[in-house]
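# Topology and contacts: notes
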Amino acid sequence: MPRRTPPSPAVPDRTSGRALASVPKTLPDRWLKSGRDPALSQPDYGRSMTFASDDDTAAARAAPARLVVVSNRVPVPTASGQKAAGGLAVALEAALKSHGGLWYGWSGKTVEGVASTEPEQKRVGEITFAVLDLAQRDYDLYYSGFSNRALWPVCHYRLDLIQIDGEDTEGYFRVNDLFADSLVPLLRADDLVWVHDYHFLPLGRALRDRGAGNRIGFFLHIPWPPPDVASAMPAYATLLEAL
């Protein structure tokens, strides 16, 4: 019989003694589900990361659905018509033009104090751009903190660069909830939602929690490491379950 290698334990946090995969107590209850050991949780690599709702009828599939793209940055055209460069922007814009659709995400702007939860919308041709500003504090926790000091290093096998902070983790989930709260009112029943990258790992589940029955796809633009490395992520099991 082939030998079975036991899963590696979570990497300890040298400063606090906590396992890096532990879930901060400040996470909302709805993000804490099974209580399984995060180090033993493994993704099902044989399963697609595209989710279909139970009421996805044949009639809905026959008619072209509106495409809703969600990305951290949204290249809203300027007043002069100038567009952002980059392969991702070009590819997504082409997909949106062919279907007609909505491009939703962060505006790239931060504000002091509390930011508006109403997205600013601008229609250009067949594409509606909808963007949210972020409070500076939320940006620091969600983007500069958890996304770039925790997720990015783990996904690139750089465990030596991980910086763990409970506030960063809580802020990441809270900002994903904020984006979900703002997006749900913009969705139509037959929209196809396409979420992009590590900034929005829990967004699909947050949309489901708010009653969105749309088909939801997720595309990760960076590597996803094996379980013995990925388990170093804060809230590892919670992130997997959200996917």
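Since the model is a prediction, treat every value here as computed from it, not as a measurement.

The rules behind each value
- Residues numbered from 1 in each chain as written.
- Predicted model: local features only at pLDDT ≥ 70, side-chain atom pairs only at ≥ 80, totals over all residues.
- Heavy atoms only, no water.
- pLDDT = per-residue confidence, 0-100.
- Helix = DSSP H or I, 4+ residues; strand = E, 2+ residues; numbered from the N terminus.
- Contact = heavy atoms within 4.5 Å.
- Axes fitted to C-alpha atoms, helices over the stretch in contact; angles between N-to-C directions.
- Left-handed = near helix turned anticlockwise from the far one by under 90°.
- Nonpolar A, V, L, I, M, F, W, Y, C, P; charged D, E, K, R; others polar.
- Core = buried A, V, L, I, M, F, W, Y, C linked by side-chain atoms within 4.5 Å.
- Buried < 20%, exposed > 50% of the residue type's maximum accessible area, 1.4 Å probe, protein only.
- Expected span 1.5 Å × (residues − 1).
- Polar contact = N/O pair within 3.5 Å; in protein donor to acceptor, adjacent residues only side chain to side chain.
- Pairing = 2+ DSSP bridges.
- Salt bridge = Lys/Arg side-chain N within 4 Å of Asp/Glu carboxyl O.

All right, on to the confidence of the model for the chain then. On average, residues of the chain score 79 in pLDDT, and 70% of them are at 70 or above. Looking across the chain, the model is least confident in helix 1 (residues 58-62), with a mean pLDDT of 51, and most confident in helix 5 (residues 203-209), with 97. The low-confidence segment residues 5-23 (pLDDT under 50) makes 42 contacts with residues lying over four places distant or belonging to another chain. pLDDT under 50 marks residues 34-52. Its contacts with residues more than four places away, or in other chains, come to 40 contacts.

Quick look at the packing of helix 3 (residues 136-155) against helix 4 (residues 166-183) now. One way to put it is that helix 3 packs onto helix 4 with a least axis distance of 8 Å and a crossing angle of 115 degrees. Seen along the crossing, helix 3 lies across helix 4 with a hand that is left-handed. Residue-level contacts link Arg137, Asp138, Asp140, Leu141, Tyr142, Gly145, Phe146, Ser147, Arg149 and Leu151 of helix 3 to Glu167, Asp168, Thr169, Gly171, Tyr172, Arg174, Val175, Asn176, Leu178 and Phe179 of helix 4. For the contact of helix 3 with helix 4, the class distribution of residues is eight nonpolar, five polar and seven charged.

So, on to the nonpolar core. Judged by nonpolar contacts, the single largest core of 46 residues is most densely connected at Val70, Phe179 and Leu183. With seven residues, helix 3 is the single largest residue contributor to this core. The residues touching Leu183, leaving out its near neighbours within four places in the chain, are Val68, Val70, Leu102, Tyr104 and Leu207. With eleven residues, the next largest nonpolar core counts Val74, Leu92, Ala95 and Ile127 among its residues.

This paragraph deals with helix 4. Helix length check: helix 4, at 18 residues, gives a terminal C-alpha distance of 26 Å against a target of 26 Å (1.5 Å per residue), a fit within 8%. The element helix 4 is extensively covered by neighbouring structure, given that 13 of its 18 residues are classed as buried. Near the N-terminus of helix 4, the side chain that reaches the backbone nitrogen of Glu167, with its oxygen 2.8 Å away, is that of Asp165.

A word on the sheet that holds strand 5 (residues 192-196). A sheet is described by the order of its strands in space; here six strands give the open sequence 3-4-2-1-5-6, paired in mixed fashion. Where the open sheet ends on each side, the last strands, each with one partner, are strand 3 (120-124) and strand 6 (215-219). If you compare each strand with its neighbour and ignore which way they point, the axes differ by 20 degrees on average. Across five bridges, the pairing between strand 3 and strand 4 (residues 127-135) is antiparallel. If you follow Lys122 over to strand 4, its bridge partner there is Phe129. Sitting on the sheet, helix 3 touches strand 1 (67-73), strand 2 (101-111) and strand 4, and the angle it makes with strand 4 is about 100 degrees.

It is worth spelling out the side chain of Ser147 at this point. Mapped onto the fold, Ser147 is located in helix 3. Ser147 gets classed as buried once you look at its relative accessible area, which sits at 0%. A distance of 2.8 Å separates a polar side-chain atom of Ser147 from the backbone oxygen of Tyr142. Dropping the residues within four chain positions of it, Ser147 is found in contact with Tyr142, Trp152, Tyr172, Tyr198 and His199.

Before going further, it helps to examine the pattern of salt bridges. Between side chains of opposite charge, a pair can form when the charged atoms approach closely. Scanning the model with the defined rule gives ten salt bridges in all. Arg66 serves as the salt-bridge partner of Asp191, at 2.7 Å between the closest nitrogen and oxygen. Here the residue Asp191 occupies a position in the loop between helix 4 and strand 5, and Arg66 occupies one in the loop between helix 1 and strand 1, the gap between them amounting to 125 residues. Grouping residues by exposure puts Asp191 and Arg66 together as buried. With its nearest N and O atoms 2.8 Å apart, the salt bridge here joins Glu167 to Arg137. With Glu167 in helix 4 and Arg137 in helix 3, this residue pair connects regions lying 30 residues apart in the sequence. What makes Glu167 partly exposed here is its relative accessible area of 46%. With a relative accessible area of 45%, Arg137 lands in the partly exposed category. Each of Asp138, Glu170 and Arg174 takes part in a single network of salt bridges with overlapping partners.

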